[in-house]
Amino acid sequence: MADNIIVRVQSPDGMRKIPSTKRETAAAFLKKVAKEFGFNTNGFSVYLNRNKTGEILSQNKALSLLKIKHGDMLYLFPSGASTSSSGEVMDTALPHTSSSLPSASSSSSLMSRSSSAPQVQEEDEIDQYLTKQDGKIYRNRDPQLCRHGALGKCVHCVPLEPFDEDYLNHLDPPVKHMSFHAYLRKLTGGSDKGKFAALENISCKIKSGCDVHPPWPEGICTKCQPSAIILNRQKYRHVDNIMFENHTIANSFLDFWRKTGSQRVGLLYGKYTEHTDIPLGIRAEVAAIYEPPQTATQNSLELLEDPKAAAVDEIAAKLGLCKVGWIFTDLLSEDTRIGTVRYTRNKDSHYLSAEECIMAGYFQNQHSNPCRLSRDGFFGSKFVTVVASGSPDNQVHFEGYQVSNQCMALVRDECLLPCKDAPELGYAKESSPEQYVPDVFYKDKDKFGNDVTFLARPLPVEYLIIDITTTFPKDPQYTFRSTQHFHIENRDIIGETQDFHSLATYLSQCTSSSFLDVVSDFHLLLFLVTNEVMPLRDSIGLLLEAVRTSNEDLAQTWKKSEQWATIEQLCSTVGGQPSSSGYAAMGGDSAPASSSSMWSCLHCTFMNQPGTEHCEMCSLPRT
């Protein structure tokens, strides 16, 4: 009896206990494993270690000679299964009990389940960079407290971990939320080195595939019922700072409100970089603001369908940019003579309304964050929200926010609603025959100072909000170097239309001798790609590369192309008056003389009747 042992074998489908003896050969043991897991003898491999080292081969050696003892854990990997690092957490969320596993499974069903697992997306470049960093907070030797030599270390000068709360609280200003990568270091630290660390996305939906009862609303059980949610203030944030490259970006966006009094919404395009003020921090740098089609009033905003959204994302990607967030205004003029605005968003009202939290959650769910420690391949989001509103000194002020992962789950599964008369309150939906909604709770103090759990009907939205510092650099940066500003898209209501007449005017006002400086404008590049008369989507790649790399030679090469010659001809045709130092210096021609008889359109060659000033076919002007 002393020779009897039990060996645990872990696979992507769970763990099994295999009875054996010390004298049993490895070949006989592997046959038992194949029978237990439903494999043929060549469909899997068993290793001594999780990192696929120490493979157990089918041989006549006894288990005792292979140093396999009672209670040891072996690791089974199906042949052809993924060998990525995500396999290190393949069984972290499942209890190691045979009752939670099927009694038997075929090789085909096991392989189908393995192949249907979500593929981990490639992490963002900034995440890959921060993963490789040390992250520790190094301190100098304290001359008063340290009693050791120059090469020694003690508790007063030993490096701190990036998630050290005392260090973060003593920064100026104090940091309430550790960075996401510092949180990952906290999870993956310790003696197990994160072997059992796994980030789980919250689900508010009933699990599918439960066949022991009729579907909801006729039945539900503890296996398929989602757990209740207790809202907690999130201890980490995915982005630690938002920085606009220069004030011009923000001022151009605010010009619409200054001219109309109506609010405005825009999409932030930029890139993620390291934020060195916080250990392993991430900064969202904003290089441009794209304004999608929208309906705006003094008190409301409505986004419309944008047919150019895919083209804008494609152009931004070729420029080395991505969508990092969204921005909207909430401004009411206080005194037009001195340019002050009302201070409306504060602790006595709200910082973000429930409706804005839902919109932020919607955007964050659309732009999820790839993460290697999540079974789903993504966790949280780096998409930020910026609000332009009044500050305590009645000046325009920018505040950055994100909503928590719990809020993202509530929004994704349609469990959160805004309150009509209280913007600072949300409301967790109640279950209906069409949808089961888990109970949502939050904790607060009653009038006696005791912690009390409340049902989230209604719900203070401050439990869902994470604030982010929004800044402007001391030394302005310019991804787009043009000194003049081309008309911003979707501003026809204030007379700023993107057409070839406005392009001719823009080129005539440019005084720079550098062609790269002239075309280095985000909104101009969008117009060149998305205009209906001469779209350059397939031929502008070289120019975008020139702007991305600030390469004047590439820009000059593209300037000599037929496409730019056609653009110059169109600009001269619509009646622009180029100056000698601007557009004319780049080779623009004068407008042709008009004719009183039937005339041929220079753009589409359609013959038009005399007396008309616009082509009846393409609607472009005659001169």
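In what follows, the structure referred to is the one given above.
Residues numbered from 1 in each chain as written. Predicted model: local features only at pLDDT ≥ 70, side-chain atom pairs only at ≥ 80, totals over all residues. Heavy atoms only, no water.

1. Let's talk about the sheet that holds strand S22 (residues 440-445)
What holds strands together in a sheet is hydrogen bonding between their backbones, with the strands either parallel or antiparallel. Taken in spatial order, the three strands line up as S6-S22-S23 in an open sheet, and their pairing is mixed. Lying at the two open borders of the sheet, with one neighbouring strand each, are strand S6 (229-231) and strand S23 (451-455). This sheet shows a mean twist of 35 degrees between the axes of neighbouring strands, independent of strand direction. Taken together, the three bridges between S6 and S22 define a ladder with parallel strand orientation. Among the inter-strand pairings, Ile 230 is bridged to a residue of S22, identified as Phe 441. Lying over the sheet, helix H9 (residues 405-412) contacts S6 and S22, oriented at roughly 135 degrees with respect to S6. (Pairing = 2+ DSSP bridges. Helix = DSSP H or I, 4+ residues; strand = E, 2+ residues; numbered from the N terminus. Axes fitted to C-alpha atoms, helices over the stretch in contact; angles between N-to-C directions. Contact = heavy atoms within 4.5 Å.)

2. Details of the layout of surface pockets
In this approach a probe as big as a water molecule rolls over the atoms, and the regions it shows empty are the leftover space. When its volume is computed, the second largest pocket comes out at roughly 810 Å³. What lines the second largest pocket is a set of 27 residues, and nearest its centre among them are Ser 300, Leu 301, Ser 353, Glu 355 and Glu 356. Of all elements in the fold, only strand S12 (301-303), strand S13 (322-329) and helix H8 (354-366) reach the threshold of two or more residues within the lining of the second largest pocket. No other element matches the six residues that H8 contributes to the lining of the second largest pocket. The residue makeup of the lining of the second largest pocket, split by class, is 13 nonpolar, eight polar and six charged. (1 Å grid on protein atoms, 1.4 Å probe; cavity = no way out; pocket = protein on both sides within 12 Å on 5 of 7 lines; lining within 4 Å. Points joined across faces, edges and corners; volume = space filled by probe spheres on them. Nonpolar A, V, L, I, M, F, W, Y, C, P; charged D, E, K, R; others polar.)

3. Thoughts on the pairing of S22
Strand direction decides the pairing type here: S22 and S23, joined by five bridges, are antiparallel. Within the sheet, the bridge partner assigned to Tyr 442 lies in S23 and is Phe 454. Between S22 and S23, which follow one another and run antiparallel, lie five residues, and Gly 449 among them has a positive phi close to 85 degrees.

4. Concerning the packing of helix H13 (residues 541-549) against helix H14 (residues 552-559)
Contact geometry of H13 with H14 gives a least axis separation of 8 Å together with a crossing angle of 160 degrees. Between H13 and H14, the angle falls in the class roughly antiparallel. In this structure, H13 crosses over H14, and the sense of that crossing is left-handed. For the pair formed by H13 and H14, the contact residues are Leu 542, Leu 543, Glu 545, Ala 546 and Thr 549 on the first element and Leu 554, Ala 555, Thr 557 and Trp 558 on the second. By residue class, the composition of the contact of H13 with H14 is six nonpolar, two polar and one charged. (Parallel < 35°, antiparallel > 145°, perpendicular 65-115°, else oblique. Left-handed = near helix turned anticlockwise from the far one by under 90°.)

5. Here's the deal with helix H7 (residues 309-318)
Taken as a whole, H7 has its buried residues at Ala 311, Val 312, Ile 315 and Ala 316. For H7, the arc enclosing every buried residue in end-on projection is 135 degrees, short of the 170-degree limit, so these residues lie on one face. Exposed residues pointing more than 90 degrees away from the buried face of H7 are listed as Ala 310 and Ala 317. Tucked into the core, H7 has its buried residues touching strand S9 (265-275), strand S10 (281-290), helix H12 (522-530) and H13. (Buried < 20%, exposed > 50% of the residue type's maximum accessible area, 1.4 Å probe, protein only. Arc of directions from axis to C-beta.)

6. Thoughts on helix H15 (residues 562-573)
Its 12 residues place the ends of H15 16 Å apart at the C-alpha level, agreeing with the 16 Å of an ideal helix rising 1.5 Å per residue. Taken together, the buried positions of H15 are Trp 564, Ile 567, Glu 568, Leu 570, Cys 571, Ser 572 and Thr 573. Summarising the contacts, the buried residues of H15 are in contact with helix H10 (500-509), helix H11 (515-519), H12 and H14. (Expected span 1.5 Å × (residues − 1).)

Distances and angles like these do not, on their own, reveal function.
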